[in-house]
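# Chain and residue survey
For reference, the chains in residue letters:
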Amino acid sequence: MGDVNALVAHQDDEGNIDLVHEVVDDSFLPEGDVEISVEYSGVNYKDALAVTPKGGVARSYPLIPGIDLAGTVRASSSPDFAVGDAVVAHGYDIGTARHGGYADTARLSADTVVKLSGLTTAEAAAIGTAGFTAALSVDALVAHGVTPSDGPILVTGASGGVGSVSVDLLAAAGYEVIASTGKADATDLLRTLGASDVIGRVPEEGEKVRALGKSRWAGAIDCVGGTTLAYVLSTVEYGGIVAASGLAGGADLPTTVHPFILRGATLAGIDSVLLPIAPRRALWERLGGDLKPRHLDAVTTDVAVTALPKSIHSILKGSVTGRTRVVVH
Ligand code: NDP
């Protein structure tokens with residue numbers, strides 16, 4: 001109990017948003033049965049939207065952003081958590097409608113918190129929301145019955161958070177991964193993660209998306225949306241599946257029904273935000289076990305929480321490679 005060091009987003013009357021370091025009283029934090037000493041948070045695409053005017057993510061200000069956090073339980077009135085437990089939490093309304101990870105203390109409801117096993121708090125934060133979403137996407141392909149012998153898997157936005165961890169997880173599971181990226185300088189990293197081939201963004205500049213193109217992938221993981229997702233749907237093989245989680249390239253979906261009715265394609269929606277706590281905890285347990293990403297260090301860049309006011313928006317330009325872990329304290 002006492003003071004909380006926090007990065008607080010304020011919105012002024014003109015709609016501008018300012019990120020300010022403040023020492024707030026702990027009564028600023030919401031009610032919750034688990035109090036966490038936050039060690040790490042992250043910068044996800046959604047974190048940048050939460051501090052962008054009309055970003056459509058934050059429900060009210062002032063807000064401590066940070067949609068994911070990892071740390072140690074400092075106090076708990078829940079039988080599920082003891083002082084000293086290493087935990088991770090993300091999703092629900094954390095960092096959007098409830099104060100999140102950009103503060104040295106977080107107070108959360110126990111039924112939104114995951115106890116870590118097989119992962120340090122630093123590793124859990126490196127995975128973060130984006131890596132968890134990658135794991136959900138890979139699971140969707142596996143649940144659909146796609147096996148490594150079925151053919152290549154396309155990953156779009158491959159150098160980003162969701163994309164890079166997807167490449168890592170798919171390659172570890174034995175899939176042939178084709179990584180699509182707009183960053184020529186990410187090729188070496190993507191090959192290190194296990195990509196068999198690295199191609200440019202799809203569709204190519206000036207290329208028209210046809211209702212059905214040549215079948216190229218047994219499955220795909222897409223976090224880009226827009227024309228990219230339309231292209232991926234039009235080129236997935238008969239009976240293939242596309243796991244769609246994001247809108248980094250646009251929220252529209254200019255497609256037709258042809259991939260679905262002529263190729264039996266499946267479009268699987270991936271949501272990490274409202275996923276219930278039981279499957280969330282089960283997937284984190286696997287992320288600390290058989291599913292543990294092999295190249296977390298290679299994809300993770302650390303940034304101090306104090307640097308965020310200057311750097312947080314760059315992810316919206318699609319120019320950030322890998323995962324950005326925020327060192328809180
Ligand atoms: P990143 O910015 O790290 O990754 C997105 C990547 O997409 C970029 O690095 C870039 O990769 C590519 N990209 C960006 N802009 C464009 C564009 N205009 N056209 C084509 N490709 C583009 O973000 P995250 O990985 O954190 O998140 C990715 C998306 O997934 C976001 O929309 C986010 O909101 C969503 N998301 C959804 C979740 C869910 O629960 N559904 C959870 C987590 C994320 P490259 O340069 O390699 O092409």
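Residues numbered from 1 in each chain as written. Predicted model: local features only at pLDDT ≥ 70, side-chain atom pairs only at ≥ 80, totals over all residues.

### Concerning the site of the ligand
Within the structure, the ligand sits among 33 residues, and G157, G160, G246, G249 and G318 are positioned closest to it. Mapped onto the shell around the ligand, the elements with two or more residues apiece are helix 1 (45-50), helix 2 (121-143) and helix 3 (161-172). For the shell around the ligand, the per-class residue count stands at 13 nonpolar, 16 polar and 4 charged. (Near = placed C-beta within 6 Å. Helix = DSSP H or I, 4+ residues; strand = E, 2+ residues; numbered from the N terminus. Nonpolar A, V, L, I, M, F, W, Y, C, P; charged D, E, K, R; others polar.)

### Thoughts on the pairing of strand 3 (residues 34-43)
The buried fraction of strand 3 is high, at 9 of 10 residues. In this sheet, strand 4 (residues 68-76) lies alongside strand 3 in antiparallel orientation, the contact comprising 7 bridges. Within strand 4, the residue paired with E35 across the bridge is A75. Across 4 bridges, strand 3 lies against strand 15 (residues 323-327) in antiparallel orientation. Each bridged residue has a counterpart across the sheet, and for V43 the counterpart in strand 15 is T324. (Buried ≥ 20, exposed ≤ 12 C-beta atoms within 10 Å, placed from the backbone. Pairing = 2+ DSSP bridges.)

### Topic: helix 2
Because an α-helix completes one turn every 3.6 residues, residues spaced three or four positions apart along the sequence face the same direction. The terminal C-alpha atoms of helix 2 lie 29 Å apart, and with 23 residues this falls more than 12% below the ideal 33 Å at 1.5 Å per residue. With respect to burial, helix 2 is a largely interior element, 19 of its 23 residues being buried. Looking one or two residues beyond helix 2, the residue adopting positive phi is G145, at roughly 95 degrees. (Expected span 1.5 Å × (residues − 1).)

### Brief notes about the UniProt feature "domain: Enoyl reductase (ER)" (unreviewed entry) in the protein
Using the residue numbers shown here, the UniProt feature "domain: Enoyl reductase (ER)" (unreviewed entry) corresponds to residues 15-328. Along residues 15-328 one finds 26% helix and 25% strand; the C-alpha atoms at either end are 27 Å apart. (UniProt positions renumbered as here; feature names shortened; annotations may be inferred.)

### Focus on the packing of helix 2 against helix 3
When two helices pack together, their arrangement is given by the angle between the helix axes and the distance between those axes. It is at 8 Å that the axes of helix 2 and helix 3 come closest, and there the two elements cross at 50 degrees. Considering their axes alone, helix 2 and helix 3 lie oblique with respect to each other. In terms of crossing hand, the pair formed by helix 2 and helix 3 is right-handed. Residues I127, A130, G131, T133, A134, A135, S137 and V138 of helix 2 pack against G161, V162, V165, S166, L169 and L170 of helix 3. Residue classes in the contact of helix 2 with helix 3 are distributed as 9 nonpolar, 5 polar and no charged. (Axes fitted to C-alpha atoms, helices over the stretch in contact; angles between N-to-C directions. Parallel < 35°, antiparallel > 145°, perpendicular 65-115°, else oblique. Left-handed = near helix turned anticlockwise from the far one by under 90°. Contact = placed C-beta atoms within 7 Å.)

### Some points on the domain arrangement of the protein
Interfaces are often sized by the accessible area lost when the parts come together. Domain boundaries assigned for the protein yield domain 1 (3-115 + 299-327) and domain 2 (130-269). On a C-alpha basis, the centroid separation for the pair domain 1 and domain 2 is 29 Å. Domain 1 puts 9 residues into the contact, and the matching count from domain 2 is 14 residues. The residue inventory of the side of domain 1 that touches domain 2, partitioned by class, reads 3 nonpolar, 5 polar and 1 charged. (Domains from an automatic or database assignment.)

### A look at the sheet that holds strand 8 (residues 153-155)
Within the open sheet, the 6 strands sit side by side as 10-9-8-11-12-13. Their pairing is parallel. Since the sheet does not close on itself, it has two edges, and those belong to strand 10 (197-199) and strand 13 (266-269), each with one partner. Neighbour-to-neighbour, the strand axes of this sheet turn through a mean angle of 20 degrees, independent of strand direction. Looking at chain direction, strand 9 (residues 177-180) and strand 10 are connected through 3 bridges and run parallel. Following the sheet pairing, S180 is matched in strand 10 by I199. Of the strands in this sheet, strand 8, strand 11 (217-222), strand 12 (236-244) and strand 13 are in contact with helix 2, which crosses strand 12 at around 155 degrees.

### A word on unusual backbone geometry
If a residue is not glycine, its phi is most likely negative; likewise, a peptide bond is most likely trans. In this chain, Y61 is followed by P62 through a cis amide linkage whose omega measures 0 degrees. Among the structural elements, P62 can be located in the loop between helix 1 and strand 4. In this structure, P203 follows V202 across a cis peptide bond, with omega equal to -10 degrees. In this structure, P203 sits in the loop between strand 10 and strand 11. We note that K54 has phi near 60 degrees; this positive angle belongs to a residue other than glycine. Turning to its location among the elements, K54 is positioned in the loop between helix 1 and strand 4. At Y92, a position not held by glycine, the phi torsion is positive, near 50 degrees. Mapping Y92 onto the fold places it in the loop between strand 5 (86-90) and strand 6 (105-108). According to the C-beta neighbour criterion, Y92 is partly exposed, with 19 such atoms within 10 Å.

### Brief notes about helix 3
The end-to-end C-alpha distance of helix 3 is 17 Å, a good match for the 16 Å that 12 residues give at a rise of 1.5 Å each. By the criterion of burial, helix 3 is predominantly enclosed, with 11 of the 12 residues buried. Of all the positions in helix 3, only G161, V162, G163, S164, V165, S166, V167, D168, L169, L170 and A171 are classed as buried. One or two positions beyond helix 3, positive phi appears at G174, with a value near 95 degrees.

### Observations concerning the environment of L274
Note on placement: L274 falls in the loop between strand 13 and helix 7 (277-287). Residues L274 and D93, 181 residues apart in the sequence, show an inter-C-alpha distance of 8.8 Å.

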